[in-house]
Amino acid sequence: MHITLTANTDWYLFNFRRDLARAAVSAGHTVSLVCPGGPYAERLQSEGFEVRTYTVPSDSFSLSGNRRSLSEITAAYQELSPDLVHLHTPICVLLGSLAGSKLQIPYRVAALTGLGHVFTSDSLKARIVRPGLRQVFRRELARPGTAVIFQNEADRAELVRARVVDASRTHLVRGSGVDMERFRPRPVASGPRSGEPDDGRVVIGFASRLLREKGIDELVAAFAQVRATHPNAELWIAGEPYTPNPTSLSAEEVQVLGRQDGVRLLGHVNDMPAFLAEVDIVALPSWREGTPKILLEAAACGLPIVATDIPGCQGVVEEGGSGYLVPVKDTSALAGRLASLVADPELRARFGQRGRAVVDAGFSTERVNAATLAVYETLVQSKA
């Protein structure tokens, strides 16, 4: 088949779905990509993938902006003429499904981790557009030749219960996978960090878009509590704002964040294995997740994790085994768990060892890619 992967950033396809694209090619398929333009789109092209780009609106609620995106995605599909489109993120599921319906593309795979910000926000704009969007999702996901992939059971149950999708069309594939060879624990012989003496510093790492729904405000507040009693602790933040999301931090807010005691802003980080080799603990106090890639990568690197007690994180982190799970928006609980790990290197080592075993058993790239290709095959066979 000719398979086209579609996402709302070129960075996402490069970092999260490039291995899937390679696996599909190895299985005999032709693979093309549709995403916004950028440096990662160029890198994907340099690997031999055919790439078409579209424009993302600066405001996710912009009607004219989304119409432009839909027009450009439709034109890309018309030019590429795929047999199957695999759509990532709710906005791409919506726009890609509409484009696929118009062009009568035979097969569509929708990757959903919930229905996105518009369905979780209490803003007036979200409340106004929510009923209509729910109906559009329901209609598009019911079309023949459509399968829906969820990253955790809770998200699947929620959307089945809400009658957005029929259970018979759903599949569970846990995350986008992690390369267990590329993401490995740092060698003990090399010391705490690459080429540095042990200065007693303990680094807490956060890697995600700088969105409030990722728990960045709670993390910074919790870190201030940790720093007050553990001055050797540092917080390294890898990521940038994402303005199409209404919960994004502003440039001014990022500047204020960078002036906090012990906080180091790294901006966008290309080399995640190198970043994880420099940190001791990974934190992700997100409000909602599918299966967070950063947690898989952290666990593969043998790092302990502190995350929120939500379905997407529960599937990766074993409470008290490979890390800690804390209530959403509970700054005090987050600070307490981080402080306990900062103070105890043996606990960090034990949690990290268990975390790598958990990820190896269920979240390796090979397992996830095989499961995804199996969804493609099942979809085609079911419509034959």
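Our structure's up above, just so we're on the same page.
The structure contained in this document is the topic of the report that follows. These figures come from a predicted structure and were not determined experimentally.

## With respect to the overall build of the chain
- Helices and strands together make up the secondary structure of the chain, namely 15 helices and 13 strands.
- Radius of gyration (C-alpha) of the chain: 21 Å, near the 21 Å computed for a compact globule of 384 residues.
- Across its three principal directions, the C-alpha atoms of the chain cover 60 × 45 × 40 Å.
- Long-range pairs, those at least 24 residues apart, make up 68% of the contacts in the chain with a sequence separation of at least 6.
- When the accessible surface of the chain is totalled, it reaches about 16400 Å², and 51% of it is carbon and sulfur.
- Here the chain contributes 42 positive and 42 negative side-chain charges, whose respective centroids are spaced 6 Å apart.

## As for the sheet that holds strand S6 (residues 146–150)
- Strands sit in the order S3-S2-S1-S4-S5-S6-S7 across an open sheet of seven strands; the sheet is parallel. The sheet is open, and its two edges are formed by strand S3 (50–54) and strand S7 (170–172), each paired on a single side. With direction set aside, neighbouring strand axes in the sheet form an average angle of 20 degrees.
- Pairing geometry for strand S4 (residues 84–88) and strand S5 (residues 107–112), over five bridges, is parallel.

## What to know about the packing of helix H1 (residues 10–26) against helix H2 (residues 39–46)
- In contact at an axis separation of 6 Å, H1 and H2 are set at 45 degrees when each is read in the N-to-C sense. Judged on the interaxial angle alone, H2 and H1 are oblique. Between H1 and H2 lies a crossing whose hand is left-handed. Across from Asp10, Trp11, Leu13, Phe14, Asn15 and Arg18 in H1, the residues of H2 making contact are Pro39, Tyr40, Ala41, Arg43 and Leu44.
- Taken together, the residues of the contact of H1 with H2 sort by class into seven nonpolar, one polar and three charged.

## Here we look at empty space enclosed by the protein
- Here the structure, examined in full by the defined rule, presents one cavity of 30 Å³ or more.
- The calculated volume of the largest cavity comes to roughly 70 Å³.
- Arg17, His86, Ala111, Leu112, Thr113, Ile149, Gln151, Val173, Gly175 and Thr372 together form the lining of the largest cavity.
- Residue classes in the lining of the largest cavity are distributed as four nonpolar, five polar and one charged.

## Digging into the packing of aromatic side chains
- The final tally for this structure, using the stated rule, is four aromatic pairs.
- Ring centres 4.9 Å apart and planes at 65 degrees place the aromatic pair Tyr12 and Phe16 in the edge-to-face group. Remark: Phe16 and Tyr12 occur in helix H1; sequence separation between them is four residues, near one turn of the helix.
- Taking relative accessible area as the criterion, Tyr12 reaches 13% and is therefore assigned buried.
- Between the aromatic rings of Tyr324 and Phe351, the centroid separation amounts to 5.2 Å while the plane-to-plane angle is 75 degrees, which identifies the pairing as edge-to-face. Here Phe351 lies in helix H14 (residues 345–362) and Tyr324 lies in strand S13 (residues 323–326), a separation of 27 residues in the sequence.

## A look at the sheet that holds strand S10 (residues 263–267)
- Taken in spatial order, the six strands line up as S10-S9-S8-S11-S12-S13 in an open sheet, and their pairing is parallel. Each of the sheet's edge strands pairs with one partner strand only, and the pair in question is S10 and S13. Strand after strand, the sheet turns through a mean of 20 degrees between neighbouring axes, direction not considered.
- Pairing between strand S8 (residues 202–207) and strand S9 (residues 233–238): six bridges, direction parallel. Bridging across to S9, Ile204 finds its partner in Leu235.
- Contacts from helix H8 (residues 216–229) reach S8, S9, S10 and strand S11 (281–284) within the one sheet, and its direction differs from that of S9 by about 160 degrees.

## As for the nonpolar core
- One finds Ile237, Phe275, Leu276, Leu295 and Leu338 to be the most contacted residues of the largest nonpolar core, which totals 61 residues.
- With residues up to four places along the chain from it excluded, the contact list for Ile237 reads Phe206, Leu210, Ile216, Val220, Leu257, Val263, Arg264, Leu265, Leu266 and Gly267.
- The next biggest cluster of nonpolar side chains, apart from the first, holds 29 residues, and it includes Ala21, Leu44, Val109 and Ala147.

## Some points on helix H3 (residues 63–80)
- Along its 18 residues, H3 runs 26 Å from first to last C-alpha, staying within 8% of the 26 Å computed at 1.5 Å per residue.
- Buried-residue contacts for H3 involve strand S1 (2–6), strand S2 (30–36), S3, S4 and helix H4 (90–103).
- Note on H3: the residue one or two positions beyond its end, Ser81, has a positive phi of about 55 degrees.

Rules of the game
Residues numbered from 1 in each chain as written. Predicted model: local features only at pLDDT ≥ 70, side-chain atom pairs only at ≥ 80, totals over all residues. Heavy atoms only, no water. Helix = DSSP H or I, 4+ residues; strand = E, 2+ residues; numbered from the N terminus. Rg over C-alpha atoms; globule rule 2.2 N^0.38 Å. Contact = heavy atoms within 4.5 Å. Areas by Shrake-Rupley, 256 points an atom, 1.4 Å probe, with all protein chains shown as cover. Lys, Arg positive; Asp, Glu negative; His and termini not counted. Charge placed at Lys NZ, Arg CZ, Asp CG, Glu CD. Pairing = 2+ DSSP bridges. Axes fitted to C-alpha atoms, helices over the stretch in contact; angles between N-to-C directions. Parallel < 35°, antiparallel > 145°, perpendicular 65-115°, else oblique. Left-handed = near helix turned anticlockwise from the far one by under 90°. Nonpolar A, V, L, I, M, F, W, Y, C, P; charged D, E, K, R; others polar. 1 Å grid on protein atoms, 1.4 Å probe; cavity = no way out; pocket = protein on both sides within 12 Å on 5 of 7 lines; lining within 4 Å. Points joined across faces, edges and corners; volume = space filled by probe spheres on them. Phe/Tyr/Trp six-rings, centres within 6.5 Å; stacked < 30°, edge-to-face > 60°. Buried < 20%, exposed > 50% of the residue type's maximum accessible area, 1.4 Å probe, protein only. Core = buried A, V, L, I, M, F, W, Y, C linked by side-chain atoms within 4.5 Å. Expected span 1.5 Å × (residues − 1).

So yeah, pure geometry; function would need other evidence.
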